[in-house]
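Structure at a glance
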Amino acid sequence: MLVIVLSVSGYASVSRQLPARFGLHTDANALVMNQGGDVSDFYLGRFSTIVKPLSIPTSAPASHAPTVYTVSTNEDLKTVADKFNVSIEEIRWSNPILTDTDRVTGGVKLTIPPTHGIVVTVHAGDTLESLAAAYHVDSDAVVNYNRIYDPGALPEGVELVLPGAKGPTLTIKTESFPGRVTGGRYKVTLGAPVGTFVNPRFPWGWCTWYVATRRDVTWLGDAYQWFGNAQAQGYPVGSHPEQGAIMVTWESGWGHVAYVENVYPDGTWQVSEMNFAGFGVTSQRTIGPGQVPLIGFIYNK
């Protein structure tokens with residue numbers, strides 16, 4: 001082949017046409033001026049030097065950006081992990097709402113790492129070295145994967161992919177159900193209507209998730225923090241039940257919230273809730289004054 005190419009180069013330099021039987025082609029002007037030309041799979045550079053052309057990629061390069069995925073109805077975390085070829089732990093490490101649960105529900109938005117590893121959000125005070133140490137990953141791998149031009153200045157709020165990283169040991173938080181704490185003084189009816197609001201801030205199965213389907217909850221926090229957090233956002237609060245209000249109690253270590261369905265003339269009120277009769281179980285009960293360790297009620301604006 002080399003002999004053929006050199007012969008072609010010399011032949012073209014004297015303005016001759018290549019015989020058609022070679023099945024080759026030339027850039028006649030370039031070859032005549034000795035500026036190079038292409039011959040079959042080779043490129044003839046200046047002065048007939050042979051240069052192998054660069055191969056052209058046939059597919060788009062893999063993205064290094066995380067994916068924001070909306071969980072479909074009836075999907076669980078294993079289904080999502082298998083779909084993206086990552087582990088359940090890697091998804092949980094990448095999503096703070098899954099710190100103590102592996103339950104997800106339709107409509108929840110999850111951040112999915114593009115490779116095995118963890119997606120983290122840079123907070124004030126974070127450095128490349130501190131993140132690398134916390135997640136057991138090489139800092140150079142983080143720089144290269146994220147194409148960081150100035151490793152000494154990580155912008156607050158930016159998402160970084162930590163390839164091959166490992167997070168802390170994950171657990172599933174459990175709590176004593178409020179019904180056990182109160183000694184079962186209520187008539188509990190299993191089943192309660194789930195609302196139409198979709199709020200990815202709260203994981204499925206908890207009382208906070210359920211109430212956030214019945215009301216437009218714009219604050220964060222565990223159940224016991226809802227009263228103060230809602231008040232700080234300008235929501236009216238008080239100690240008397242109203243239909244459509246959120247009841248906040250100390251019925252567990254993390255507090256408990258329920259949605260007030262009805263208020264009766266005798267001073268009792270009916271609530272709908274989740275995680276009172278069992279984890280992920282909806283139920284209803286009627287409560288009288290003094291029967292619960294009440295924090296208060298959050299009313300509609």
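Worth saying up front: this structure is predicted, and the values here are computed from it rather than measured.

Conventions used here
Here, residues in each chain are numbered from 1, in the same order as that chain's written sequence. pLDDT decides what is reported in this predicted model: residues at 70 or higher carry local features, side-chain atom pairs at 80 or more are listed and counted, and totals for whole chains, interfaces and linings draw on all residues regardless. Computation of side-chain values: all heavy atoms of the structure, hydrogens and water removed. We call a residue buried when its accessible area falls under 20% of the maximum for its residue type, exposed when it is over 50%, and partly exposed in between, using a 1.4 Å probe and counting protein chains only. Going along the chain from the N terminus, every DSSP run of H or I of four or more residues is numbered as a helix, and every run of E of two or more is numbered as a strand. Here, residues are in contact when the closest pair of their heavy atoms is within 4.5 Å. Whenever a nitrogen or oxygen atom comes within 3.5 Å of another N or O atom, the pair is scored as a polar contact, on the condition that within protein one atom can donate a hydrogen and the other can accept it, and that pairs from neighbouring residues in sequence are kept only if both atoms are in side chains.

1. Focus: helix α6 (residues 139–146)
Every buried residue belonging to α6 is among Val 142, Val 143 and Tyr 145, and all of these are buried. Along its buried surface, α6 packs onto α5 (128–134) and β7 (159–163). Between the side-chain oxygen at the start of α6 and the backbone nitrogen of Asp 140 there is a gap of 3.1 Å, and the oxygen is on Asp 138. Just downstream of α6, Arg 147 is the residue with a positive phi angle, here 55°.

2. Re unusual backbone geometry
Peptide bonds are trans in most cases, and residues, glycine excluded, mostly fall at negative phi. Unlike most non-glycine residues, Asn 85 shows phi in positive territory, near 60°. As for its position among the elements, Asn 85 is in the loop between α3 (77–84) and α4 (88–94). For Arg 147, which is not glycine, the phi dihedral falls at a positive 55°. Tracing the backbone through its elements, the reader meets Arg 147 in the loop between α6 and β7.

3. Things to note about the side chain of Asn 199
Among the secondary structure elements, Asn 199 is positioned in the loop between β8 (188–190) and α8 (207–214). We classify Asn 199 as buried; its relative accessible area is 9%. Within polar-contact distance, the side chain of Asn 199 engages the backbone nitrogen of Arg 201 at 3.0 Å. Of the polar contacts made by the side chain of Asn 199, one reaches the backbone oxygen of Val 217; its length is 3.0 Å. Here Asn 199 is in contact with Ala 212 and Val 217, once residues within four sequence places are set aside.

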